[in-house]
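# Tertiary structure, described
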Amino acid sequence: MRITCPLCGDRDSREFSIRGHETYLDRPAPDAGEAAWDDYLHLRDNPAGETAELWYHGAGCAAWLRVRRNTVTHEVLKVDLVRDVTGGDHAD
Amino acid sequence: MRYSGLQVLAQGLMGNRGWKPVWRDPEPKPAYDIVIIGGGGHGLATAFYLAKEHGLGNIAVLEKGYLGGGNVGRNTTIVRANYNLPGNSEFYSHSLKLWEGLEADLNYNVMHSQRGVINLFHSDGQRDAYARRGNAMINQGDDAILLDREGCRRMLPYLDYDQTRFPIYGGLYHPRGGTARHDAVAWGYARAADRRGVDLIQQCEVTGIDIAGGKVTGVQTTRGAIRAAKVAIVVAGRSGQVAAMAGLRLPVESHILQAFVTEGLKPCIDHVVTYGMGHFYISQSDKGGLVFGGDLDFYASYAARGNLPMAEHVMEAGLTLMPMIGKARVLRSWGGIMDMTPDGSPIIDKTHVDGLYIDCGWCYGGFKAVPGSGFSFAHLIATDRHHEPAARFRLDRFRRGVLLDEEGTGSQHNLH
Ligand SMILES: Cc1cc2nc3c(=O)[nH]c(=O)nc-3n(C[C@H](O)[C@H](O)[C@H](O)COP(=O)(O)OP(=O)(O)OC[C@H]3O[C@@H](n4cnc5c(N)ncnc54)[C@H](O)[C@@H]3O)c2cc1C
Ligand SMILES: [Zn+2]
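Nothing here was measured: the structure is a model prediction, and the numbers come from that model. (Residues numbered from 1 in each chain as written. Chains lettered and ligands numbered in written order. Predicted model: local features only at pLDDT ≥ 70, side-chain atom pairs only at ≥ 80, totals over all residues. Heavy atoms only, no water.)

What follows covers the domain arrangement of chain B. All names here are of chain B. According to the domain assignment, chain B contains domain 1 (5-77 + 183-251 + 343-415) and domain 2 (113-176 + 253-340). For domain 1 and domain 2, the distance between their C-alpha centres works out to 28 Å. With 17 residues of domain 1 at the interface, the matching set in domain 2 holds 21 residues. Across the domain 1/domain 2 interface, buried area totals approximately 1700 Å², and carbon plus sulfur atoms make up 51% of it. The partner of Arg133 in a salt bridge is Glu406, with the nearest N and O atoms 3.1 Å apart. (Domains from an automatic or database assignment. Contact = heavy atoms within 4.5 Å. Buried area = accessible area lost by both parts, 1.4 Å probe. Salt bridge = Lys/Arg side-chain N within 4 Å of Asp/Glu carboxyl O.)

The structure is reproduced here in structure tokens:
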């Protein structure tokens, strides 16, 4: 699997580490309650097909990326900087 | 047909022409008391114990592919009871006891081999952690022996004891741990369930779960609708999709785990050995192949095959630990889809729908759990009460914050 970083170009997936589903961008408020935190930390749609995840380009530019990927074919569909997705306001 | 030594002899003399198909291939009936979705190890064991322990008869197991084609036939076959946490300890202890009587129970040779599992440690801190784990195992009534370096050397002379980066300090030896023939476990449970009247229906994919007034009424399948008073979901890596048919969102993410096997070699690795400083564990199958594996690829996947970086990492870790395997040629590698929970422990519970039960989240440790999970899940389905050794495997423990995090790595699906 290769990932095209918007800043560094096409790279071996070993340069990146994965954090998990992009759910992690929607961190609830500390007092949002059990259900919101359960959703954020534990519950997953777990799609067989297209998904969106957070990857970190540790061995490259050190940017956080949002990677759209297919979990059945391992095809990488689209990669954005998390900064651009959230307007710079990355909560995690 | 009951299997016995006499049968083998008699059939041998008659040219082996008398063997019968091992289970029936029935058409699905319009209705059952209990429908089990998923013909893997856990689904088949659940059906068997429902029939054997609870005397229930009108049961179907629906399998979308063929029996044993999922993870039960893809794993590296380690069977052990070396857990630490209350909640896990008693469950795996119970499961290992069922393994020890399984072949007689099923009248089937599952090639259960208690060759011993040795977990190596490589620092003082790791030794302390394993000493503690060993004590927990002994408290649970199971067996554990802390080996020092010389003790390891006597049992595992082929390890690289001279490596300076991760020196071998010793190992935690679990003599009753070992391996079993994975396919035989699926086949043995399938045959035993069939003999007790369970309908095993293959090529039958469940596509919907029917619910009326908060109560389950049946399932939709590629072979038509089937009514059922109780429905049990036991579909491992596909848990997310099947649970979604009932509007249920699970604390599960599906990940890929790879495994590898070499060409057949003369016996050289007598135990199951795990490396404490890299993702690597190994045993030798009865055919002689070295069977080994490592960690998840870490990203969510339904591909049933992994990528090369983890393959390379596993080989590197193996060669660091036991350079002698470097000359063996790898014949095959494959992957299985693992139902990973955020704390690494499983779920055996009821759901918000009356009559709908779920057994999932076995991560990469569900083979050893096949007998225990089948037994405890059958108990829950038959009696509507949790079986004591599995009473902590609750669906809502994540929301309540009572995780069963055996490795202490935190609440993330790919860290266990
Ligand atoms: C490489 C690898 C190594 C492993 N090593 C070990 C080990 O050493 N020790 C250990 O204890 N565990 C190990 N495991 C884990 C263990 O194999 C699994 O936890 C366990 O097999 C899962 O339960 P199962 O057998 O019921 O799953 P499966 O065999 O996957 O059964 C689930 C079944 O459900 C069926 N299904 C799915 N969706 C539907 C549907 N909609 N309708 C009908 N049927 C459906 C599937 O086709 C499948 O047959 C390993 C796993 C892998 C992949
Ligand atoms: Zn980059």
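Let's shift gears to helix α10 (residues 370-383) of chain B. Residues and elements named next belong to chain B. Compared with an ideal rise of 1.5 Å per residue, which puts 14 residues at 20 Å, α10 spans 20 Å between its outermost C-alpha atoms and is within 8% of the ideal. For α10, the buried fraction is high: twelve of the 14 residues fall into the buried class. The set of residues buried in α10 consists of Val370, Pro371, Gly372, Ser373, Gly374, Phe375, Ser376, Phe377, Ala378, His379, Leu380 and Ile381. Downstream of α10 by one or two residues, Asp384 has phi in the positive range, about 60 degrees. (Helix = DSSP H or I, 4+ residues; strand = E, 2+ residues; numbered from the N terminus. Expected span 1.5 Å × (residues − 1). Buried < 20%, exposed > 50% of the residue type's maximum accessible area, 1.4 Å probe, protein only.)

Residue and element names in this part refer to chain A. Examined against the element boundaries, Arg66 turns out to sit in strand β5 (residues 64-70). Separated by 3.3 Å, the side chains of Arg66 and Glu22 make a polar contact. What Arg66 contacts, discounting residues up to four positions off in sequence, is Glu22, Ala52, Glu53, Leu54, Lys78, Val79, Asp80, Val82 and Val85. (Polar contact = N/O pair within 3.5 Å; in protein donor to acceptor, adjacent residues only side chain to side chain.)

Moving on: the UniProt feature "domain: Rhodanese" (unreviewed entry) in chain B. According to UniProt, the feature "domain: Rhodanese" (unreviewed entry) maps to residues 34-78 of chain B in the numbering used here. Taken as a whole, residues 34-78 of chain B contains 31% helix and 20% strand, while its terminal C-alpha atoms sit 30 Å from one another. (UniProt positions renumbered as here; feature names shortened; annotations may be inferred.)

Let us look at the layout of surface pockets. All names here are of chain B. Space inside the second largest pocket adds up to approximately 590 Å³. Arg181, His182, Ser285, Lys287 and Val291 are the residues nearest the centre of the second largest pocket, which is lined by 26 residues in total. Elements with a contribution of two residues or more to the lining of the second largest pocket: α7 (182-195), β12 (253-264), β14 (281-284), β15 (289-300) and β16 (330-340). Take the lining of the second largest pocket: its biggest share by element is four residues, from β12. Each residue belonging to the lining of the second largest pocket can be placed in one class, and the counts come to six nonpolar, twelve polar and eight charged. (1 Å grid on protein atoms, 1.4 Å probe; cavity = no way out; pocket = protein on both sides within 12 Å on 5 of 7 lines; lining within 4 Å. Points joined across faces, edges and corners; volume = space filled by probe spheres on them. Nonpolar A, V, L, I, M, F, W, Y, C, P; charged D, E, K, R; others polar.)

Attention shifts here to the packing of aromatic side chains. The final tally for this structure, using the stated rule, is 19 aromatic pairs over all chains. Centre to centre, the rings of Phe48(B) and Tyr49(B) are 5.0 Å apart; their planes meet at 65 degrees, and the pair counts as edge-to-face. Pair check on accessibility: Phe48(B) and Tyr49(B) agree, each one buried. Through successive ring pairs, a cluster of aromatic residues spans Tyr83(B), Phe91(B), Tyr92(B), Trp362(B) and Phe393(B). Above the ring of Tyr24(A), the side-chain terminus of Arg19(A) is found at 4.0 Å from the ring centroid. Positioned above the aromatic ring of Tyr161(B), the side-chain terminus of Arg153(B) is 4.6 Å from the ring centre. (Phe/Tyr/Trp six-rings, centres within 6.5 Å; stacked < 30°, edge-to-face > 60°. Lys NZ or Arg CZ within 6 Å of the ring centre and 35° of its normal.)

Right, let's get into helix α5 (residues 124-139) of chain B. In an α-helix, one full turn covers 3.6 residues, which means residues spaced three or four apart are oriented alike. Residues and elements named next belong to chain B. In this model, α5 (16 residues) spans 23 Å end to end at C-alpha, consistent with the 22 Å of a helix rising 1.5 Å per residue. Three or more residues of α5 are buried, namely Gln126, Tyr130, Arg133, Gly134, Ala136 and Met137. Projected down its long axis, α5 shows its buried positions confined to an angular sector of 160 degrees, all on one face. Opposite its buried face, α5 presents the exposed residues Asp128, Arg132 and Asn139, each directed more than 90 degrees away. Next to the buried residues of α5 lie β4 (117-121), β5 (145-148) and β6 (170-174). At the exit of α5 stands Gly141, carrying a positive phi of roughly 95 degrees. (Arc of directions from axis to C-beta.)

Residues and elements named next belong to chain B. Formed by 51 residues in total, the largest nonpolar core has its most connected members in Ile36, Tyr49, Trp99 and Tyr189. Where this core is concerned, the elements lending two or more residues are β1 (31-37), α2 (41-54), β2 (59-62), α3 (89-100), α4 (102-106), α7 and α10. Ranked by size, the runner-up nonpolar core spans 29 residues in total, among them Ile37, Cys204, Leu248 and Cys360. (Core = buried A, V, L, I, M, F, W, Y, C linked by side-chain atoms within 4.5 Å.)

Applying the stated criterion to the full structure yields two cavities of 30 Å³ or more. As a volume, the largest cavity reaches approximately 70 Å³. Residue lining of the largest cavity: Ile18(A), Gly20(A), His21(A), Asn46(A), Pro47(A), Thr51(A), Glu53(A), Thr71(A), Glu253(B) and Ala300(B), and that is the complete set. Sorting the residues of the lining of the largest cavity by element identifies β3 (17-21) and β4 (50-56) of chain A as the ones contributing at least two each. At three residues, the largest contribution of residues to the lining of the largest cavity is made by β3(A). For the lining of the largest cavity, a count of residues per class yields three nonpolar, five polar and two charged. Ranked by residues supplied to the lining of the second largest cavity, first place goes to β3(A) with three residues.

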